[in-house]
Amino acid sequence: MVDEAAERFLAEVRAFARDVVAREAPAWAQGKRVDPAIFTSAAGIGLTRIEVPVAFGGLGFGFRTKVNACAILAAVDFGFAMALVNTHNVAKRVAISAPAQLARMLLPDLLTGRASACTALTEPGAGSDAGAMQCRAEKAPGGWVIEGEKTWIVNARHARHTIVYAQCAEPGQASGIAAFLVDLTDPACTQHAVDSAISQVSIGTGGFRLNRCFVPDERLLLPAGTAFKAILEEINGARIYVAAMNCAMVSAALRIAQSYGDTRQTFGKPLSHHANWREKLAECATALAAAWSLVEAALTAIDAGENVQHLAAAAKVNAVTLAQRELPMLLHAMGAEGLREIYLFARHIGSAQLAALTDGSTAMLLGRLGCWDPTPIQL
Ligand SMILES: Cc1cc2nc3c(=O)[nH]c(=O)nc-3n(C[C@H](O)[C@H](O)[C@H](O)COP(=O)(O)OP(=O)(O)OC[C@H]3O[C@@H](n4cnc5c(N)ncnc54)[C@H](O)[C@@H]3O)c2cc1C
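J.: I'd like a rundown of the overall build of the protein chain, residues and numbers included.
T.: Across its full length, the protein chain carries 10 helices and 10 strands. The C-alpha radius of gyration computed for the protein chain amounts to 21 Å, which stays within 12% of the reference 21 Å derived for 379 residues, consistent with globular compactness. Taken along the three principal axes of its C-alpha coordinates, the protein chain extends 80 × 55 × 40 Å. Taken over 379 residues, the protein chain has a buried fraction of 54%. Side-chain charges of the protein chain comprise 33 positive and 34 negative groups, with the mean position of each set lying 3 Å from the other.

Encoded structure:
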């Protein structure tokens with residue numbers, strides 16, 4: 001359950017998704033850059049402030065509200081939802097972990113959408129095995145000198161701030177990894193976009209290089225010994241909202257196919273009156289209900305303060321796999337019309353592929369779930 005204030009906020013997110021994101025998303029999928037004014041409009045309704053404490057200018061809502069907001073946006077454009085939630089998560093981390101004076105200096109631009117932000121672990125030589133990162137932080141008087149490269153990072157093509165994870169000890173030592181807040185406008189940083197045939201525009205994928213970038217002590221957000229554990233916990237939460245986002249993509253596509261099936265006539269009757277056409281959608285709806293239930297189970301466990309490591313991973317694997325399987329089926333069920341740009345099928349099919357890699361790839365999560373027993377009753 002979310003309270004009345006959160007419900008009002010979510011109603012605004014729905015209107016924004018319908019009136020603004022839905023209008024722009026087809027062009028983003030074709031490579032058109034996101035107008036920065038759209039980020040400030042999104043921030044205007046609170047999308048960068050959801051869980052940020054009220055004392056720092058945030059809305060102070062709970063995790064469930066963030067998950068719902070992400071799902072509502074992703075039903076229209078997964079990439080745009082990911083871009084916003086990544087800036088949001090950095091703002092929240094800055095509010096919680098940065099010295100108060102630094103937080104008060106940085107938060108206004110992040111919370112108003114004038115600046116975006118990213119969280120960077122992945123490197124050209126270290127993805128799944130993030131602990132093998134080569135980016136190095138060396139102690140210097142009054143701060144740290146960071147050298148290294150990050151790639152495939154949400155928002156990195158336009159982010160002003162990054163929380164960068166770097167090795168302070170020997171390579172491969174997870175306990176030596178620390179998190180630093182870096183200003184990417186520093187002359188020692190260079191940023192670039194990462195593009196692909198699946199549009200990376202709205203998700204803002206990019207990378208950056210830090211060339212012996214000096215970072216003052218106060219910007220060490222999470223010291224070695226705590227940083228790697230903290231990011232693994234944060235990623236558990238991310239898996240739940242990515243799961244909800246994939247469910248929402250399938251929900252949106254299913255609704256379109258269902259209503260199209262009521263009007264499109266073949267062999268003298270609507271598609272939805274053909275039992276074998278309807279059966280495919282029924283199977284999709286059944287699997288979708290199960291996927292939403294797994295998201296809800298993970299949220300309930302979070303509310304109860306339980307460990308959600310396995311549930312979050314299972315919810316993500318299940319929802320992403322569902323999206324990868326059902327979105328092409330739903331596109332096919334629309335016939336040729338489903339390929340038109342006004343529909344979201346092709347866009348969401350690409351997004352499900354991105355989702356399968358972000359916040360723990362399907363293969364890596366399955367590796368961990370092999371020893372999980374989810375049985376809820378005594379047998
Ligand atoms: C759109 C997008 C946005 C991203 N955003 C961010 C971000 O904001 N911040 C960030 O730090 N990273 C981000 N990433 C990077 C993402 O976390 C990595 O892509 C992911 O960790 C996988 O790493 P890799 O791509 O280097 O694949 P690799 O590690 O090279 O793996 C290749 C394939 O092999 C599989 N694999 C690897 N090891 C094993 C194994 N032991 N057993 C079985 N299978 C294995 C992987 O699952 C993958 O399918 C993003 C990626 C994408 C695509």
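J.: Mind laying out the site of the ligand, listing which residues take part and the relevant values?
T.: What surrounds the ligand is a group of 17 residues, the closest being Leu121, Thr122, Ser128, Trp152 and Ser361. Within the contact set of the ligand, a nitrogen atom lies 2.8 Å away from a backbone nitrogen or oxygen of Trp152. Out of a free accessible area of 960 Å², the ligand has 61% covered by protein chains. Listed by contribution, the elements that provide at least two residues to the shell around the ligand are β1 (117–120), β3 (143–153) and α10 (362–369). Its residues placed into classes, the shell around the ligand shows nine nonpolar, eight polar and no charged. Two domains each put at least three residues into the shell around the ligand: domain 2 (118–224) and domain 3 (228–369).

J.: Hey, could you go over the state of the cysteines for me, with residue numbers and the actual values?
T.: In protein chemistry, a disulfide is the covalent bond that joins the sulfur atoms of two cysteines. Enumeration according to the criterion identifies zero disulfides in this entry. We note that Cys189 lacks a disulfide partner, and the nearest cysteine sulfur, in Cys213, lies 4.0 Å from it. For Cys213, a relative accessible area of 1% puts it in the buried group.

J.: So what's going on with the environment of Asp77? Residues and values would help.
T.: By secondary structure assignment, the location of Asp77 is in the loop between α3 (63–74) and α4 (78–97). Residue class for Asp77 comes out buried when judged on its relative accessible area of 4%. As a C-alpha pair, Asp77 and Ala115 span 38 residues in sequence and 20 Å in three-dimensional space. Discounting chain neighbours no more than four positions away, the residues touching Asp77 are Val21, Ala25, Trp28, Ser202, Arg347 and His348.

J.: Any chance you could break down the packing of aromatic side chains for me, citing the residues and the numbers?
T.: According to the stated counting rule, one finds six aromatic pairs in the structure shown. Ring geometry for Phe9 and Phe61: centres 5.7 Å apart, planes at 40°, overall tilted. Taken as a pair, Phe9 in helix α1 (residues 4–29) and Phe61 in the loop between α2 (36–44) and α3 lie far apart in primary sequence, 52 residues in all. With 5.4 Å between their ring centres and 25° between their planes, Phe39 and Phe80 make a pair best called stacked. Here Phe80 lies in helix α4 and Phe39 lies in helix α2, a separation of 41 residues in the sequence. Look at Phe39 and you get buried, because its relative accessible area is 13%. Ring pairing ties together the aromatic residues Phe16, Trp28, Phe39 and Phe80, which thus form one cluster. Cation over ring: Arg104 sits above Phe56, and NZ or CZ is 4.8 Å from the ring centre.

J.: So what about helix α6 (residues 227–263)? Which residues, and what values?
T.: Its 37 residues give α6 an end-to-end C-alpha distance of 54 Å, which sits within 8% of 54 Å, the value for a rise of 1.5 Å per residue. For α6, the buried fraction is high: 27 of the 37 residues fall into the buried class.

J.: Would you mind going over unusual backbone geometry in detail, with residue names and values included?
T.: Leaving glycine out, the prevailing phi sign among residues is negative, and the prevailing peptide bond configuration is trans. Phi at Trp152 is positive, roughly 55°, even though this residue is not glycine. Looking at Trp152, the relative accessible area reads 48%, which means it is partly exposed. Phi is positive for Asp359, close to 55°, though the residue is something other than glycine.

J.: Describe the domain arrangement of the protein chain, listing the residues and the values that go with them.
T.: By a widely used convention, the size of an interface equals the accessible area lost when the partners come together. Taken domain by domain, the protein chain consists of domain 1 (4–115), domain 2 (118–224) and domain 3 (228–369). The centre of domain 1, based on its C-alpha atoms, is set 22 Å off from the matching centre of domain 2. For the pair domain 1 and domain 2, the number of links is one salt bridge. In this structure, the connection of domain 1 to domain 2 is made through seven residue pairs in polar contact (both at pLDDT 80 or more). Contributions of two or more residues to the side of domain 1 that touches domain 2 are made by α1, α4 and α5 (100–111). Taken together, the residues of the side of domain 1 that touches domain 2 sort by class into 17 nonpolar, five polar and six charged.

J.: Give a description of the nonpolar core that names residues and reports values.
T.: Counting 84 residues, the largest nonpolar core has Phe16, Leu47, Phe78, Phe80, Tyr241 and Leu330 as the members making the most contacts within it. Elements with a contribution of two residues or more to this core: α1, α2, α3, α4, α6, α7 (275–303), α8 (309–333) and α9 (345–355). Among the elements that make up this core, the one with the highest residue count is α6 (16 residues). The contact partners of Leu47, leaving out residues within four places of it in the chain, are Phe9, Val13, Phe16, Ala42, Ala69, Leu73, Leu84 and His88. Residues Ala103, Leu106, Leu111 and Ile177 belong to the second largest nonpolar core, which totals 30 residues.

J.: Give me the lowdown on the pattern of salt bridges, citing residues and values where you can.
T.: Two side chains bearing opposite charge may form a pair once their charged atoms approach each other closely. Enumeration according to the criterion identifies 20 salt bridges in this entry. A salt bridge links Arg23 to Glu24; the shortest N-O distance between them is 3.1 Å. Among the residues examined, Arg23 registers a relative accessible area of 55% and is labelled exposed. With a closest N to O distance of 2.8 Å, Glu51 and Lys66 form a salt bridge. Here Lys66 lies in helix α3 and Glu51 lies in the loop between α2 and α3, a separation of 15 residues in the sequence. In terms of burial, Glu51 and Lys66 fall into one category: buried. Within the structure, one salt-bridge network assembled from shared partners comprises Arg23, Glu24 and Lys32.

Reading the values: rules and limits
Residues numbered from 1 in each chain as written. Predicted model: local features only at pLDDT ≥ 70, side-chain atom pairs only at ≥ 80, totals over all residues. Heavy atoms only, no water. Helix = DSSP H or I, 4+ residues; strand = E, 2+ residues; numbered from the N terminus. Rg over C-alpha atoms; globule rule 2.2 N^0.38 Å. Buried < 20%, exposed > 50% of the residue type's maximum accessible area, 1.4 Å probe, protein only. Lys, Arg positive; Asp, Glu negative; His and termini not counted. Charge placed at Lys NZ, Arg CZ, Asp CG, Glu CD. Near = heavy atom within 4 Å. Polar contact = N/O pair within 3.5 Å; in protein donor to acceptor, adjacent residues only side chain to side chain. Areas by Shrake-Rupley, 256 points an atom, 1.4 Å probe, with all protein chains shown as cover. Nonpolar A, V, L, I, M, F, W, Y, C, P; charged D, E, K, R; others polar. Domains from an automatic or database assignment. Disulfide = S-S within 2.5 Å. Contact = heavy atoms within 4.5 Å. Phe/Tyr/Trp six-rings, centres within 6.5 Å; stacked < 30°, edge-to-face > 60°. Lys NZ or Arg CZ within 6 Å of the ring centre and 35° of its normal. Expected span 1.5 Å × (residues − 1). Salt bridge = Lys/Arg side-chain N within 4 Å of Asp/Glu carboxyl O. Core = buried A, V, L, I, M, F, W, Y, C linked by side-chain atoms within 4.5 Å.

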